[in-house]
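Fold and contact review
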Amino acid sequence: MDRRLRRAPDAEWVLMYRLGLSRQRIADLVRAEPATVGYHLVIARRQDPGLEPAHQAATVTRAGPSPADVARMGEIIAWITAGGWLPRDRSEDKGERSMARWLSERRSEAAEGTLDPVYRDGLARVPGWEGNHRAAADEARWHDRLAQLVDFRAEGNDWPRHHDYASEREHTLGVWIHTQRHKHRRGDLDPEKVRLLNDAGPGWQTGRTRGRPPRT
């Protein structure tokens, strides 16, 4: 019978929590939704006031991350530093999706107060890594649009328009670049994004020359 249909709390999940495993780690091991595990643990803590102290004590006494775990964190930090953005959980790249899952687990541990100090100190070098998923998704979408704009221009197209456009693709990119110009004029565009736009698309602030070039 599916554990999600059993009466809460699930004894196995409670035991794992008592031994120091985080909600996210339990969910990963039993292939359940973290919210489902969390629901069971809330009920278990109400029934047993000693559960949370036992969990915290077990967390403190558990061995810290292995050398391999620390090395993995170093690889992810280096990737973020080199690329300038957080890994995306919907990326086409399998390695990037794996890094996104790793960060998601650390966020859950940080929210629960169980993040190992080694991870806490290491990830302190990554500004905003604990940010909410919407912010991370918006950041990833921005970089996707920049890459799409570079491809559009590399195909020999002029700067995309947000009106009088020839395709939905041009419209999407036209609206995006128009928004970046507007934010830049107001002083609201992040300096790092201005730098990326300058490097990837010189002339983006001015845009296309007047009129549409004749099609060949």
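Data block above holds the structure.
These lines cover the structure that appears in this document, whether it is placed above or below. Remember, it's a predicted structure, so these values are computed and weren't measured experimentally. (Residues numbered from 1 in each chain as written. Predicted model: local features only at pLDDT ≥ 70, side-chain atom pairs only at ≥ 80, totals over all residues. Heavy atoms only, no water.)

On to the overall build of the protein. Along the protein, the regular secondary structure elements total 10 helices and 0 strands. If you list the helices and strands of the protein from N to C, you get α-α-α-α-α-α-α-α-α-α. Among the 216 residues that make up the protein, the fraction classed as buried is 36%. Restricting to contacts in the protein with at least 6 residues of sequence separation, those with at least 24 account for 55%. (Helix = DSSP H or I, 4+ residues; strand = E, 2+ residues; numbered from the N terminus. Buried < 20%, exposed > 50% of the residue type's maximum accessible area, 1.4 Å probe, protein only. Contact = heavy atoms within 4.5 Å.)

Another aspect to go through is the packing of aromatic side chains. Under the criterion given, the structure shown has 3 aromatic pairs. Geometrically, the ring pair formed by Trp79 and Trp85 is edge-to-face, given 6.1 Å between the ring centres and 80° between the ring planes. Given the relative accessible area of 23%, Trp85 is considered partly exposed. Taking NZ or CZ as reference, Arg106 lies 4.8 Å from the ring centre of Trp102, over its face. (Phe/Tyr/Trp six-rings, centres within 6.5 Å; stacked < 30°, edge-to-face > 60°. Lys NZ or Arg CZ within 6 Å of the ring centre and 35° of its normal.)

Remark: helix H2 (residues 23–30) packs on helix H3 (residues 34–47), axes separated minimally by 8 Å, with the N-to-C direction vectors making an angle of 120°. If you check the angle between H2 and H3, you find them oblique. At the point where H2 passes H3, the crossing takes the right-handed sense. Here Arg23, Gln24, Ile26 and Ala27 of H2 lie close against H3, whose contacting residues are Pro34, Val37, Gly38 and Leu41. Classifying every residue of the contact of H2 with H3 by side-chain character gives 5 nonpolar, 2 polar and 1 charged. (Axes fitted to C-alpha atoms, helices over the stretch in contact; angles between N-to-C directions. Parallel < 35°, antiparallel > 145°, perpendicular 65-115°, else oblique. Left-handed = near helix turned anticlockwise from the far one by under 90°. Nonpolar A, V, L, I, M, F, W, Y, C, P; charged D, E, K, R; others polar.)

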